[in-house]
Each structure stands twice: as C-alpha cells, then as structure tokens.
Amino acid sequence: MSDLYSLKGKIAVVTGGSRGIGFMIANGFADAGAEKIYISSRKAEDLKAAAAEISKKTTCIAVPADLSTEAGAKVLADAIRADEKGIDILVNNAGATWGAPFEEFPSKGWDRVLDINVKGPFFLTKELHPLLKANATDADPSRIINIGSVAGFGVGGVAFSYGASKAAIHQMTKNWANQFAADRITVNAIAPGPFPSKMMAFITEDEKARAVMEARVPLGRIGNPDDMAGLAVFLTAKSAAWMTGVIIPLDGGGLVARGDG
Ligand SMILES: NC(=O)c1ccc[n+]([C@@H]2O[C@H](COP(=O)([O-])OP(=O)(O)OC[C@H]3O[C@@H](n4cnc5c(N)ncnc54)[C@H](OP(=O)(O)O)[C@@H]3O)[C@@H](O)[C@H]2O)c1
C-alpha cells in the first residue's frame, strides 16, 4: 500500500507548468516523490521561477518552448532526449481560450486555440512516444494525462473554438488509449471545472463573479491545488496502472448537476 500513490523514481513532463493547473500538477508530482520533472511554456522568466519553486523538492528543469507549433514540440523533446533514455509521465496541459461574440469570432480565435489545445498535444506526444514506450512495463505502464475541460462535455461554458478543442482532446484521449495500450502506455484525461488560474482570473479575482461561479458548483467552491494534484498523482502512480481511456470530470459536481460546463 505504501507506494501505491508514490511517484518515486519517475520522470515526468508537464506542459504549461509555469502557473495555474500545470504548476499544481508539477508541484503535486514533486510532493509525491517524482525524481525529475520537466516543465515547459513560452515565457522563460515565469517558467524559471516555477522551476525554482519546484526544485526545492526535486529536480525540475525548465524548457521554454512554444508548444503550439511542431518546431516547439521538437525543442522540448530534443532537450529531454539529450538527457533521458525514457520518461514515465507526460501531461499535456498547456492551453488557451479565446473570448468573442459569435458574430465577431475571428479565424485567429480558431487557429490559436486549436494549435495549442489540440495540435500541440498531438505533436508533442508523437515526439515523446518512444521515450514513454521505453519506460513502460506490463505492471507499471507509462502514463499520458490530457487536460480537457467540462466545456468539452457541456454547452454552458465557453463556446466556439474552446469547447470544440476540448471535445477533440477528449476524443483523442480515447483513440490514443486504444492505440497505445499495446505499448503499455495509458492515456486518461482530466476535465476540470473552475480552478484559479490566469485563464480564469477574470472570474476568480472578481469577488462577485467568483461568488456566482461558486454558487453554481454543488460542492460550493472552486477547485484548489490539492484537488488537481490528488487526481493527477492517482492517475500516474501504481494506483491507476490498469485504468485507461477515461475522461474524469474534476468539477465539484457541476457536470452531473447541470449536464454542462
Ligand atoms: N482554470 C480552469 O478553470 C480550467 C478549466 C478547465 C480546463 N482548463 C485547462 O487547463 C489547462 C491549463 O490552464 P490554466 O487554467 O492553468 O491556464 P493558465 O493559467 O493560462 O496557464 C496556461 C499555461 O499554458 C502555457 N501556454 C499557453 N500557451 C502556450 C504555448 N503556445 N506554448 C507553451 N505553453 C503555453 C502558459 O504559459 P505561457 O503563456 O508562458 O506560454 C501557462 O503555463 C488548459 O488546457 C485549460 O484549457 C482550465
């Protein structure tokens, strides 16, 4: 039982690890004993600061890259390949949204969101698949977690490109789970409800808007770092070695209560 929720000896890669949900997950992996954690995002200074924080607990390496492009995925993968023969965990978390009324929604609002939320995870996973496969065993498969959203299930949240991108990553999760099982790589998705982050700051840092949002959550609050780390560690430790192709809402009950995000 003692090592059921331990990441001792594991090497993890977390995209978008500089802040928000990515930082919650990378920090949670450090708390669970991961040996080394690579984090990646665009703004080098933010990333370095996050890596310094996590490095108080374990080795954390910052690799700045624009993961919305194939070239960026290669930058990160090359940095990892230079030092590792295998990795155990990949979390495709980096993401973005775009807000605009239907009548004004621009083409750029589709490209930006699909590039980082859907194509980015695809190309990075393509690059890192051999390293994940290298460390995978029957008893302890390598793990991929994709970060989806309740907005990929329901119709109440952010519309247009964001919801479509998150439905796409949920679908890709199931496809990959089926395809990669033979390689002993599990693929699951976390579909968060509201968590505090830069993406959600317009709500979580506005007292009134936050109260309205909290009132919509059956469990009466938005998510916190322990909520996110708890599920991410569960999915990547021995605890979830036989679990794949599952998309888990982590939303305080919002989806089941209302059927939307
Ligand atoms: N917060 C929520 O309530 C919520 C709910 C459901 C789903 N999610 C999902 O959770 C994930 C994380 O979002 P968050 O809420 O934590 O948002 P956030 O605070 O805005 O963090 C996004 C992270 O992704 C990185 N990123 C963005 N574009 C990138 C790019 N082109 N290349 C590399 N890195 C990039 C950002 O760093 P740089 O800007 O420096 O690149 C940052 O580290 C996203 O997939 C989001 O859709 C969030």
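Each remark here, short or long, concerns the structure printed above.
Remarks on the site of the ligand
Around the ligand sit 29 residues in total, of which Ser18, Arg42, Asn93, Tyr162 and Ser197 are the nearest. Here a nitrogen atom of the ligand sits 2.9 Å away from a polar atom, N or O, in the side chain of aspartate 66. Leucine 67 places a main-chain nitrogen or oxygen 2.9 Å from a nitrogen atom of the ligand. Listing elements by their share of the shell around the ligand, those giving two or more residues are α1 (20-31) and α5 (161-180). Class assignment for the residues of the shell around the ligand results in twelve nonpolar, eleven polar and six charged.

Some thoughts on the pairing of strand β6 (residues 185-192)
On a regular strand, each side chain points to the face opposite its neighbour's, so the side chains alternate between the two faces of the sheet. The element β6 is largely enclosed, with a buried count of eight among its eight residues. The alternating pattern of β6 places Ile185, Val187, Ala189 and Ala191 on one face and Thr186, Asn188, Ile190 and Pro192 on the opposite face, and all of these are buried. Two strands pair when backbone bridges link them, and β6 and strand β7 (residues 247-250) are joined in this way by four bridges, in the parallel orientation. Note that in β7 the partner of alanine 191 across the bridge is proline 249.

Parameters at a glance
- Residues numbered from 1 in each chain as written.
- Predicted model: local features only at pLDDT ≥ 70, side-chain atom pairs only at ≥ 80, totals over all residues.
- Heavy atoms only, no water.
- Near = heavy atom within 4 Å.
- Polar contact = N/O pair within 3.5 Å; in protein donor to acceptor, adjacent residues only side chain to side chain.
- Helix = DSSP H or I, 4+ residues; strand = E, 2+ residues; numbered from the N terminus.
- Nonpolar A, V, L, I, M, F, W, Y, C, P; charged D, E, K, R; others polar.
- Buried < 20%, exposed > 50% of the residue type's maximum accessible area, 1.4 Å probe, protein only.
- Pairing = 2+ DSSP bridges.

Read these as geometric descriptors, not functional statements.
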